[in-house]
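The chain contents come next:
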Amino acid sequence: MVGPTLPPVPHYTAAPPTKANLDYADLSIIDLSKMDSADGRAVLASQVRDAMLTHGFFYVVNHGYSQSQGNRMFDIADVPFSGVSDEEKQLYTGVDEETGWYHAYKLRQSWHIDAGVRDQSEFININRDPSSQGHPEALQPFLPELKEFAHFNHYNVLFPILRLLALSLELPEDAFVNIHRCNGLGEAFVRFFKYYPRSVADEEKTKNVWLKGHTDSGTITILWSQPVAALQILGKDGKWYWVKHIENALVVNAGDGMDFLTGGYYKGTIHRVIQPPPDQRQFTRLGVFYFVMADGDVKLVPFHESPVLQRAGIHPRCDDSTAPTMLEWRRDRANAYGRSKLKPSKENGVEEEIVHGLVVKHYK
């Protein structure tokens, strides 16, 4: 049987993998093909626990999406940038102050990075249900594929990860799945993110940092690995380590939401984006993400019933009575990011802001 004919899309030519000798993080690789048996899930849950406690990042392989499917998604991901005029992009910009949701585009120079330098990146958010928002004309032929891609990320990648996280805490397997139905606007979305090379002067002023060290505001972030080396994570030893590209792998990390829900046991990992190594600096860096929040009305309090958390000790960021909902937290963080004035911290190289009464740190 012949499948449906897909609309043509210009090919996005990515950079060749770097040949630079970089200090890479030693991240665990989680093989989702082992999810089919209870014994396999138990082994994976243990691996996920170790990965979360060691780095807070891990790779996922054998997720069920082919290399050719992934390549096509990167081709589609470039369309809203190279195939849409600046004038049309302006029609789909802005932030909903009530939800913290970007109306599709975040344009270049929207964020202050450091020393008067503004960013040279742009992204577009596409809700899990693409029909809930408007889209530029060039992207409209691909909306059925984008809906299917979001569905795949949610049910074939996110839900298995959430089940492994629950098992790692000795909770019922669906404990996290049940609070990630994500039917509200902006609770789960695809993001295409494109970084452009910057001037030598801007690199010097910002010490090569493109996006300051931060934690994500949601619960789980899924990044489809791409070849331009720029992502770094902050190790427990205070050093920055590069994240290595693995073909057709996913890079997964936890954010603030998971930190809240586990009482600090699974912390959001601090990560940043910096200038690529010399052999990749002339290329743009195109990212494909799936960002996930818990349902907006979920109060971000720890799962006190977890035997693992009870043994380890629960260290919540705030009292249960004052804990924000997921909607409140993501809205306040989104509305502040890149627009609030950061204050120096007592920690060297760290700046702070107050979000919902809690300190949020940014690493220079």
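Residues numbered from 1 in each chain as written. Predicted model: local features only at pLDDT ≥ 70, side-chain atom pairs only at ≥ 80, totals over all residues. Heavy atoms only, no water.

Under an unreviewed UniProt entry, the name given to the chain is Fe2OG dioxygenase domain-containing protein, and the organism recorded is Scleroderma citrinum Foug A. Per UniProt, the comment on the chain under Sequence similarities (unreviewed entry) is "Belongs to the iron/ascorbate-dependent oxidoreductase family." (UniProt positions renumbered as here; feature names shortened; annotations may be inferred.)

Mapped onto the secondary structure, His63 falls in the loop between β2 (57-61) and α2 (67-82). Separated by 3.2 Å, the side chain of His63 and the backbone nitrogen of Tyr65 make a polar contact. Polar contacts involving the side chain of His63 include one to the main-chain carbonyl oxygen of Asn248, which spans 2.8 Å. Dropping the residues within four chain positions of it, His63 is found in contact with Leu32, Phe152, Asn156, Val157, Trp224, Asn248 and Leu250. (Helix = DSSP H or I, 4+ residues; strand = E, 2+ residues; numbered from the N terminus. Polar contact = N/O pair within 3.5 Å; in protein donor to acceptor, adjacent residues only side chain to side chain. Contact = heavy atoms within 4.5 Å.)

This brings us to the pairing of strand β16 (residues 285-292). Extensive coverage of β16 is indicated by the burial of eight of its eight residues. Burial along β16 is two-sided: Arg285, Gly287, Phe289 and Phe291 and Leu286, Val288, Tyr290 and Val292, pointing in opposite directions, are all buried. As defined by bridge partners, strand β9 (residues 188-195) adjoins β16 across eight bridges and the pair is classed as antiparallel. Each residue of the ladder has a partner; that of Arg191, found in β16, is Phe289. One ladder, built from five bridges, connects strand β11 (residues 220-224) with β16; its direction is antiparallel. Bridge assignment links Leu223 to a residue of β16, and that residue is Phe289. (Buried < 20%, exposed > 50% of the residue type's maximum accessible area, 1.4 Å probe, protein only. Pairing = 2+ DSSP bridges.)

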